[in-house]
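# Chain and residue survey
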Amino acid sequence: MKRREFITLLGGAAVSWQLAARAQQSAMPVIGFLSGQSPDNSAHLVMMFRRGLAEIGYTEGENVAIEYRWALGQSDRLPALAADLVGRRVTVIVATAGGGTPASLAAKAATTTIPIVFSSGADPVKLGLVASLNRPGGNVTGISWLTFALDGKRLGLLRELVPKLSVLPVLVNPAFVDATRQLREIQQAAQTIGQSITILNASNIREIDVAFETFGQMRPGALLLAADPFSTADASRSRH
């Protein structure tokens, strides 16, 4: 199943049972949409989410309301944003892909009663989001496609595309919840194929500017972005 189909599923079947279960409690159910990214680079996800809702009979502004909260790549804002949604007594919280892991953890920390539906690239069991994949338990359920497990494969693919790399810079957000495991897998993959790497750490806008200055001085021919909401939210800088 393609990623877009997953997003449609998240907007549809995975959320619909929560809305239907509470339909009698409110004239119009309210979805709390929590994301670590920004509205601009998440427009395609929002479109797919709305399409999924429409497929099971829900249209924003007609029979369902959506409260959007964006962390703009700053994961430290997510706990307050999640708490705000809880305070507004939303029907269900959706922690979205492209930043879904930190958003999911923030939502879970904020409430044990409001249902949470997540999409994440990390292992939800290892992160403590759910008890197991088959029986998630608690108030949290969702979809994971283990994107972060592919960082090592991305490194190998980049090496195939640019075989004469002497040193490959890798941009990592050390504040990301799964950064330690990410870095370990990237280092193991680099050692396996004999690729020298340099780690560039960036967890805020100033640090990412410094990292790209270093990247420009190195002129390596390629850059590997470790998958995390901050690097994705600020990905436009990588194109300049």
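Refer to the structure presented above.
Before going into details, it helps to say that this report is about the structure given with it. Worth saying up front: this structure is predicted, and the values here are computed from it rather than measured. Sequence order as written defines residue numbering, which begins from 1 separately in each chain. At least 70 in pLDDT is required for a residue's local features to be given in this predicted model, at least 80 for side-chain atom pairs to be given and counted, and no such filter applies to totals for whole chains, interfaces and linings, which use all residues. Note that water and hydrogens are dropped before the side-chain values are worked out from all heavy atoms of the structure.

## Things to note about helix H6 (residues 151-161)
Remark: exposure states derive from per-residue accessible area (1.4 Å probe, protein chains only) relative to the maximum for the residue type, with buried under 20%, exposed over 50%, and partly exposed in between. A helix here means a DSSP run of H or I that spans at least four residues, while a strand means a run of E at least two residues long, and both kinds are numbered starting from the N terminus. Taken as a whole, H6 has its buried residues at Asp-151, Gly-152, Leu-155, Gly-156 and Leu-158. End-on view of H6: buried residues confined to an arc of 160°, all on one side of the axis. Residues of H6 that are exposed and point more than 90 degrees away from the buried face comprise Lys-153, Glu-160 and Leu-161. Of the surrounding elements, those touching the buried residues of H6 are strand E6 (167-172), helix H7 (179-193), strand E7 (196-201) and strand E8 (224-225). Of all possible arcs, the one meant is that of the directions from the helix axis to the C-beta atoms. We call two residues contacting when some pair of their heavy atoms lies within 4.5 Å.

## Quick word on the pairing of E6
Side-chain positions along a regular strand alternate between the two faces of the sheet. For E6, the buried fraction is high: five of the six residues fall into the buried class. Strand direction decides the pairing type here: E6 and E7, joined by six bridges, are parallel. By the bridge assignment for E7, Val-167 is matched with Ser-196. What makes two strands pair is DSSP finding at least two bridges between them. The sheet contact formed by E6 and E8 spans two bridges and is parallel. Among the inter-strand pairings, Leu-171 is bridged to a residue of E8, identified as Leu-225.

## Quick look at the pattern of salt bridges
Criterion for a salt bridge: a side-chain nitrogen of Lys or Arg within 4 Å of a carboxyl oxygen of Asp or Glu. All told, the structure shown has five salt bridges when counted by the stated rule. A salt bridge links Glu-67 to Arg-69, with the nearest nitrogen and oxygen atoms 3.1 Å apart. Taking relative accessible area as the criterion, Arg-69 reaches 11% and is therefore assigned buried. Two residues, Asp-84 and Arg-69, come together in a salt bridge whose shortest N-O distance is 2.8 Å. Remark: Arg-69 occurs in strand E2 (residues 65-70) and Asp-84 occurs in helix H4 (residues 78-87); sequence separation between them is 15 residues. Residue class for Asp-84 comes out partly exposed when judged on its relative accessible area of 29%. Overlapping salt bridges bring together Glu-67, Arg-69, Asp-84 and Arg-88 as one network.

## Here's the deal with the nonpolar core
General note: in soluble globular proteins, nonpolar side chains tend to be found buried as a group. Only buried residues count toward a nonpolar core. Its members are Ala, Val, Leu, Ile, Met, Phe, Trp, Tyr and Cys residues joined through side-chain atoms within 4.5 Å. Ranked by internal contacts, the top residues of the largest apolar core, which has 18 residues, are Leu-34, Leu-78, Ile-93 and Phe-118. Among the elements of the structure, H4, strand E3 (92-95), helix H5 (100-110) and strand E4 (116-120) are those that each provide at least two residues to this core. If you tally residues by element for this core, the top one is H4, at four residues. Residues Phe-49, Leu-53, Val-64 and Val-94 belong to the second largest nonpolar core, which totals 13 residues.

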